[in-house]
Amino acid sequence: MTYYDDIFERAVDNYYLITTDDANDLGIPPVELAKLAKRGRLQNLGRGLYRLTRHVPSEFDPYAIAVARVGGPAYLYGESVLALLRLAPTNPERIFVATPARIRKQLPDGIQMVPRKEPARITRYEGIPCQRVKDAILACRKTMMPERLAEAASRARAEGFLTKTELDELEEALA
């Protein structure tokens, strides 16, 4: 197998994204990613992040790319979790990504980095690391109308993202 075959196997399950850390895990020197990008097999999306040039686009690509660009233990946060799951209308121009790690790299304007010190309960929705729905709704209390959050909570319950107990706790917190 070639380096590209190994990269393909890893990337196909991750929105066709591959990082230099992924390459190291596979035993592939990071310089090989740059070579494959120069040959047109990979597209450089940012420092240490590449995507296969032949990929199947998904509506979740912007979220996966945003989390990958921040890197490390990053995860979708607040409004972006609600947008990903289509629980509430949000500003599509901004994607909120939280991380406990210090990030020094330049991020595109559309990615809002949220530094978080406390440990978060992380899960995966659509294969993307995310803040849990209950916590995401609570995180939006300052930026979204309470009625919209209550509607998002009831939709989340209907779609199985919240338990009855969590919905009751949210209704009490949002009242």
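Structure: see above.
Our subject in this report is the structure included herewith.

About the cut-offs
Residues numbered from 1 in each chain as written. Predicted model: local features only at pLDDT ≥ 70, side-chain atom pairs only at ≥ 80, totals over all residues. Heavy atoms only, no water. Helix = DSSP H or I, 4+ residues; strand = E, 2+ residues; numbered from the N terminus. Expected span 1.5 Å × (residues − 1). Buried < 20%, exposed > 50% of the residue type's maximum accessible area, 1.4 Å probe, protein only. Arc of directions from axis to C-beta. Contact = heavy atoms within 4.5 Å. Pairing = 2+ DSSP bridges. Axes fitted to C-alpha atoms, helices over the stretch in contact; angles between N-to-C directions. Core = buried A, V, L, I, M, F, W, Y, C linked by side-chain atoms within 4.5 Å. Phe/Tyr/Trp six-rings, centres within 6.5 Å; stacked < 30°, edge-to-face > 60°. Lys NZ or Arg CZ within 6 Å of the ring centre and 35° of its normal. 1 Å grid on protein atoms, 1.4 Å probe; cavity = no way out; pocket = protein on both sides within 12 Å on 5 of 7 lines; lining within 4 Å. Points joined across faces, edges and corners; volume = space filled by probe spheres on them. Nonpolar A, V, L, I, M, F, W, Y, C, P; charged D, E, K, R; others polar.

Let us look at helix H7 (residues 146–158). Between its terminal C-alpha atoms H7 stretches 18 Å, which fits the 18 Å expected from 13 residues at 1.5 Å a residue. Within the span of H7, buried status applies to Leu 149, Ala 152, Ala 153 and Ala 156. All buried residues of H7 fall inside an arc of 100° around its axis, so they share one side. Turned more than 90 degrees away from the buried face of H7, the exposed residues are Glu 147 and Ala 158. Residues of H7 that are buried sit in contact with helix H5 (79–84), helix H6 (133–139) and helix H8 (164–174). After H7 finishes, the residue Gly 160 shows a positive phi value of roughly 90°.

Strand pairing in a sheet relies on backbone hydrogen bonds, with the paired strands running either antiparallel or parallel. A sheet is described by the order of its strands in space; here 3 strands give the open sequence S1-S3-S2, paired in antiparallel fashion. One side of each edge strand has no neighbouring strand; the edge strands of this open sheet are strand S1 (17–19) and strand S2 (42–46). Ignoring which end each strand starts from, the neighbouring axes of this sheet average 35° apart. Pairing of S1 with strand S3 (residues 49–52) involves 3 bridges; the strand directions are antiparallel. Bridge pairing in S3 places Leu 17 opposite Arg 51.

Counting residues in hydrophobic clusters, the biggest one holds 40 residues, and the most contacted among them are Leu 76, Leu 84, Val 97, Ile 128, Val 133 and Ile 137. Only helix H4 (61–70), H5, strand S5 (95–99), strand S8 (128–131), H6, H7 and H8 provide two or more residues apiece to this core. Here this core takes 7 residues from H4, the largest share from any one element. Filtering out sequence-adjacent residues up to four positions away, Val 97 remains in contact with Ala 66, Val 67, Val 70, Ala 74, Tyr 75, Leu 76, Tyr 77, Ile 111, Gln 112, Met 113 and Val 114.

In this section: the packing of aromatic side chains. In the structure shown here, the tally under the stated rule is 1 aromatic pair. With centroids separated by 5.4 Å and ring planes inclined at 85°, the aromatic side chains of Tyr 125 and Phe 161 adopt a geometry described as edge-to-face. With Tyr 125 in strand S7 (residues 122–125) and Phe 161 in the loop between H7 and H8, this pair connects stretches of sequence that are 36 residues apart. Relative accessible area serves as the criterion here: at 12%, Tyr 125 is assigned to the buried category. Between Arg 41 and the ring centre of Tyr 4, over which it is positioned, the NZ or CZ distance is 3.7 Å.

Here we take up the layout of surface pockets. Any empty space left between the atoms is revealed when a probe the size of a water molecule rolls over them. Taken as a whole, the largest pocket spans an internal volume of roughly 440 Å³. Among the secondary structure elements, those contributing two or more residues to the lining of the largest pocket are S1, helix H2 (20–25), H4 and S8. In the lining of the largest pocket, the residues fall into 8 nonpolar, 7 polar and 7 charged. Roughly 160 Å³ of volume is contained in the second largest pocket. Along the walls of the second largest pocket sit Tyr 77, Gly 78, Glu 79, Arg 94, Phe 96, Ala 139, Cys 140, Lys 142 and Thr 143, which together make up its complete lining. Here the lining of the second largest pocket is composed, by residue class, of 4 nonpolar, 2 polar and 3 charged.

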